[in-house]
Amino acid sequence: RLSDADHLNHALQLQQQPSLFSSDEYTNLNPNETRSNDQTNIKNDLSYSTYGNMPAWAAHDPQRFWHAADLYERKNGSTYREYEIALPRELTETQRIALVKDFIKQEIGDKYPYQLAIHTPTALDGGEQPHAHLMFNERRLDGIPRDPEQHFKRYNPKHPERICWGCDRYCP
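The structure contained in this document is the topic of the report that follows. (Residues numbered from 1 in each chain as written. Predicted model: local features only at pLDDT ≥ 70, side-chain atom pairs only at ≥ 80, totals over all residues. Heavy atoms only, no water.)

Quick look at the overall build of the protein chain
A tally of helices and strands in the protein chain yields five helices and six strands. In sequence order, the secondary structure elements of the protein chain are arranged as α-α-β-β-β-α-β-α-β-β-α. Within the protein chain, the proportion of its 172 residues that are buried is 38%. Pairs at least 24 residues apart make up 57% of the contacts formed inside the protein chain by residues separated by at least 6 positions. For the protein chain, the exposed surface amounts to about 10700 Å²; the carbon and sulfur share of it is 47%. (Helix = DSSP H or I, 4+ residues; strand = E, 2+ residues; numbered from the N terminus. Buried < 20%, exposed > 50% of the residue type's maximum accessible area, 1.4 Å probe, protein only. Contact = heavy atoms within 4.5 Å. Areas by Shrake-Rupley, 256 points an atom, 1.4 Å probe, with all protein chains shown as cover.)

Next comes the structure, spelled out in structure tokens:
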């Protein structure tokens, strides 16, 4: 069973890599036609995607970060939060991207890992329905290098180099 983060990240990955749909079944799709793969409906309406603030071990592979979050985050912890943001039709694609980047700069900054996808599907009235999905993790980056498992352990504010609350050993 895939977690929520896996579903969203899987959709983002498939949209970013159309080469995954190399069979004839997908080569002649209408841009607004739904594709189905691994029980996830994906629309070919992605207009922009990016990610940022990933730890060194996931710097070029955000999927590795989200998978580690699902694997190592504590039982009642949150692997990610998501904003779904409606964007004005009146703005150009470049203006929408700038608007969302400004939002990220203000709300996420450079301390939290995030992944962004902007979609522009067709609305019921035939116009565009631009919106953004912004996934971010609430684990604040503190500049101390950690492996994936250590990254998601509880933070010790008195001794940040120690990972667990009350542990007497230093983690490498």
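Quick word on the side chain of His151
Tracing the chain through its elements places His151 in helix H5 (residues 148-151). Those residues within four positions of His151 in sequence are excluded, and the remaining contacts are Pro55, Trp57, Phe65, Arg139, Leu141 and Arg146.

Notes on helix H4 (residues 93-107)
Taking 1.5 Å of rise per residue, the 15 residues of H4 would be expected to cover 21 Å, and the 21 Å separating its terminal C-alpha atoms lies within 8% of that figure. Of all the residues in H4, the buried ones are Arg96, Ile97, Val100 and Ile104. Projected onto a plane normal to the axis of H4, the buried residues spread over an arc of 100° and lie on a single side. Seen from the buried face of H4, the exposed residues on the opposite side, beyond 90 degrees, are Thr94, Asp102, Lys105 and Gln106. Those residues of H4 that are buried lie in contact with strand E3 (46-52), strand E5 (114-119) and strand E6 (131-136). (Expected span 1.5 Å × (residues − 1). Arc of directions from axis to C-beta.)

Considerations on the packing of aromatic side chains
For the coordinates displayed, the defined rule picks out seven aromatic pairs. Measuring from ring centre to ring centre gives 5.4 Å for Phe65 and Phe152, while their planes differ by 50°; the resulting arrangement is tilted. One end of the pair, Phe65, is in helix H3 (residues 62-72); the other, Phe152, is in the segment after H5, and 87 residues separate them in sequence. Of the residues examined, Phe65 reaches a relative accessible area of 0% and is grouped as buried. Seen from their ring centres, Tyr83 and Phe103 are 5.3 Å apart, and the 85° between their planes marks the pair as edge-to-face. Taken together, the residues Tyr83 in strand E4 (residues 81-86) and Phe103 in helix H4 connect sequence positions 20 residues apart. With a relative accessible area of 33%, Tyr83 lands in the partly exposed category. By the ring-pair criterion, three or more aromatic residues cluster together here, those being Trp57, Phe65, Trp66, Tyr80 and Phe152. (Phe/Tyr/Trp six-rings, centres within 6.5 Å; stacked < 30°, edge-to-face > 60°.)

Comments concerning H3
Buried within H3 we find Pro62, Phe65, Trp66, Ala68 and Ala69. On an axial view of H3, the arc spanned by its buried residues comes to 160°, and they lie on one face.

A look at the sheet that holds E5
Reading across from one edge, E3-E5-E6-E4 is the order of the four strands in this open sheet, with antiparallel pairing throughout. Two strands bound the open sheet, and with one partner strand each, they are E3 and E4. Neighbour-to-neighbour, the strand axes of the sheet open up by a mean angle of 10°, direction not taken into account. Alignment of E3 against E5, held across six bridges, turns out to be antiparallel. Within E5, the position partnered with Leu46 by the bridge is His119. Along the sheet face, H3 touches E3, E5 and E6 and points at about 115° away from the line of E5. On the sheet, H4 packs against E3, E4, E5 and E6 and is oriented at approximately 155° with respect to E5. (Pairing = 2+ DSSP bridges. Axes fitted to C-alpha atoms, helices over the stretch in contact; angles between N-to-C directions.)

Some points on unusual backbone geometry
Its identity is not glycine, yet Asn53 carries a phi of approximately 60°, on the positive side. Tracing the sequence through the fold places Asn53 in the loop between E3 and H3.

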